[in-house]
Amino acid sequence: MGRKSIMRRDIFHGISVFLLVLIGHFCFAHEEKKACYGTNNRFNQLGSVDEHYSLLQRLFNNCEVVHGNLEIANLQPNHNTDFLKSIREVDGYVLIGINSAKTILLENLEIIRGNTLYKNKYALVIVSNNDQYNSLEELPLSHLTEILKGGVLIGRNKKLCNINTIQWKDIVNSNYLNSITLETNSSECTDTVCDASCNGSCWGPGPENCQSFTKLICAPHCPGRCRGPSPSECCHSECASGCAGPTERDCLHCRNFRDGDVCKDSCPPLQKYNTFTFQLEHNPAGKYSFGTTCVKKCPYNYAVIDSGSCVRACAPDSEEVDENGVRKCRKCDGPCRKDKVCDGIGTGMLRNVLSLNASNIDMFKNCTKINGDLRILIVAGDGDAYTKTAVLDPEKLLIFETLREITGYLMIQWWPQNYSSLKAFENLEIIRGRTKEGDYSLVINSDYLKSLGLRSLKELSDGNVYIKGNNSLCFADTLNWKNLFRENQEVKIKNLKSPEECAAEGNVCDELCTNEGCWGPGPSQCFTCKFSSRGKECVKTCNILTGEPSEYDIDGKCYSCHPECLPRNDNITCTGPGPDDCMRCLNYKDGPYCVQKCPAGYKGDNDRMIWKYPDEDNKCQLCHPECKLGCTGPGIEGCIPCD
């Protein structure tokens, strides 16, 4: 019997447990899975040890599919990791580092897609999981059977012994086998033992931790994965991780896209070719690609491109427009509008950056829109001696006064002590939350804020709000946050200054604000105005009959009359914005329009020069047709003579 046949036979004995569990799992394979958003913090600890642990729990509890990266770091020996058991799929990379917890329970993780890679190379990173007294000892990844893109980096894990036995060729795509870096723990792991049924490859002791094989055991003609060594047990080529049968409906995960309960290499096109009319026509069965799923319509918060995909950001030569309530990417006719669109933290030129800091803040100068996220972490205020990054100058934050839109999330962990509000973001109008910090699109945790000051914010398209640790903060709990939301969103506010203390200090909403609350003190911080508004400030009334400048009113908003309108005390000055909306003219009237002076020397029909003069009522009248240089009155006698 050949060596390969023996290996397949031996490994087959080790997959019986896997097949039983796979069949038990399979009934869930095509149901809607609960998705959550991953992180891009790498090894950073967000807040205290307990706050960081609580955040991880909130992010991943009951989550099955992680959109983004799964980063598990800074877990302590007393931290229970049961909340990770539900995770089956990760779109980005998996990072497990700087943990001293004994066990990290990712026992149901089946596939890592590697759509984003750690250091542009690794899809699975397990490093430095020890401290002086405690170490990670158990990492039961017994259902991990496929990494679609990216390599593996493992090192400096003193007591993580069984991982040295894993046959990575079964898991890692063959194109990335050269990107496997393993630092063995031979001196610490002399007693590594796998259960006899595992044939030497296991994630831990016991038969339940045997490595699950879905490639090395396959018959030679199988296109990818299989469920056993028989030629009849091959998985369909569209399957990833494994399968329970031979068809594209039997896949454990889809290699490319899932359309209902079928795995496909692409989603049904939005248009199809009619062979009778020789034209492209609407395809009623067409669907958009959203991640790895085919959907009939993109989520409200995403933009649509003509090729049939839901995207977070449009291409540089396109602009995002609203068409009948749908956000679409429309190619610019010539140069795109003057809005300056900038990369967010972790995106594009800032792809490997964790936080706004002194070295990158100038990249946001004059930005009106950020494609991606904006994170201001503690390192911004402390500087970074390792990278020789200076402390961020607080005055530089005023760069964001031009910002109107963030497509991802806004996270503020550090804010200058002498800044009592987020005034730098006073013109920010919308946070779309297309990417989130867990399930949050707005996270604020700063000790010194007294008010938020986000007076222009009108929409949080997706994602929850989390405000905590702001013991000096007033006003945030007065707001009707639901009026900012477009989805089923929540707001969590903790540890604010008590309403009684705020009232004693006079930190209450202005009397011109409605009961929907305010962003801070004064009439310019109202969420909505009780009476009228002028620009961004609430007022009791518009200057319709008295006051300067003279105004007109539309739906409770005050607008200035045209400067050529004559102000009239105790009377209406204008009914609209134009020079033809004046009740009376300040200077002259030319037809329906108020003008500073009568037109002189402009081209009319047949390129004839037209001149006008003001009559006794200051109305502009046409000069005689024979007047070549204008006139001062009617008739030919009123013409200015040609000298």
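Each value, and the rule that gives it
- Residues numbered from 1 in each chain as written.
- Predicted model: local features only at pLDDT ≥ 70, side-chain atom pairs only at ≥ 80, totals over all residues.
- Heavy atoms only, no water.
- Pairing = 2+ DSSP bridges.
- Helix = DSSP H or I, 4+ residues; strand = E, 2+ residues; numbered from the N terminus.
- Disulfide = S-S within 2.5 Å.
- Axes fitted to C-alpha atoms, helices over the stretch in contact; angles between N-to-C directions.
- Expected span 1.5 Å × (residues − 1).
- Buried < 20%, exposed > 50% of the residue type's maximum accessible area, 1.4 Å probe, protein only.
- Arc of directions from axis to C-beta.
- Polar contact = N/O pair within 3.5 Å; in protein donor to acceptor, adjacent residues only side chain to side chain.
- Contact = heavy atoms within 4.5 Å.

(A) Broad picture of the sheet that holds strand 4 (residues 89-90). A sheet is described by the order of its strands in space; here five strands give the open sequence 1-2-4-6-8, paired in parallel fashion. A strand with exactly one partner marks an edge of an open sheet, and here the two such strands are strand 1 (35-37) and strand 8 (146-147). Across three bridges, the pairing between strand 1 and strand 2 (residues 65-67) is parallel. For Tyr37, the partnering residue across the bridge sits in strand 2 and is His67.

(B) Layout of the state of the cysteines. Here the structure, examined in full by the defined rule, presents 23 disulfides. Linked covalently through their sulfurs, Cys267 and Cys294 form a disulfide whose S-S length is 2.1 Å. When the S-S torsion is -90°, as for the bridge of Cys267 with Cys294, the disulfide is left-handed. With Cys267 in the loop between strand 14 (262-264) and strand 15 (271-274) and Cys294 in strand 18 (residues 293-295), this pair connects stretches of sequence that are 27 residues apart.

(C) Expanded view of the sheet that holds strand 40 (residues 609-614). Overall, antiparallel pairing links the three strands, which are arranged 39-40-41 in an open sheet. The sheet terminates laterally at strand 39 (600-603) and strand 41 (620-622), the two strands that pair on one side only. Going from strand to strand, the sheet's axes swing by 40° on average, the running direction of each strand aside. For strand 39 and strand 40, the ladder comprises three bridges, and the chain directions are antiparallel.

(D) Just helix 3 (residues 49-60), in detail. The first and last C-alpha atoms of helix 3 sit 17 Å apart over 12 residues, in line with the 16 Å expected at 1.5 Å per residue. Three or more residues of helix 3 are buried, namely His52, Tyr53, Leu55, Leu56, Leu59 and Phe60. Here the buried residues of helix 3 occupy an arc of 155° about the axis, which is enough to place them on one side. Just downstream of helix 3, Asn62 is the residue with a positive phi angle, here 65°.

(E) How the structure looks around the side chain of Asn99. Relative to the helices and strands, Asn99 is located in the loop between strand 5 (94-97) and strand 6 (111-112). Polar contacts involving the side chain of Asn99 include one to the main-chain carbonyl oxygen of Ile72, which spans 3.0 Å. Here Gly97 takes part through its backbone oxygen, which lies 3.1 Å from a polar atom of the side chain of Asn99. Every residue in contact with Asn99, bar those within four places of it in the chain, is listed here: Ile72, Ala73, Asn74, Leu75, Ile104, Ser128, Asn129, Asn130 and Leu136.

(F) Layout of unusual backbone geometry. Looking along the chain, the bond that leaves Glu548 and enters Pro549 is cis, with omega of -5°. Of note, Pro549 is situated in the loop between strand 34 (537-539) and strand 35 (551-554). At Asn199, a position not held by glycine, the phi torsion is positive, near 55°. The phi dihedral of Phe475 falls on the positive side, at around 80°, and the residue is not glycine. Its place among the elements puts Phe475 in the loop between strand 31 (464-467) and strand 32 (491-493).

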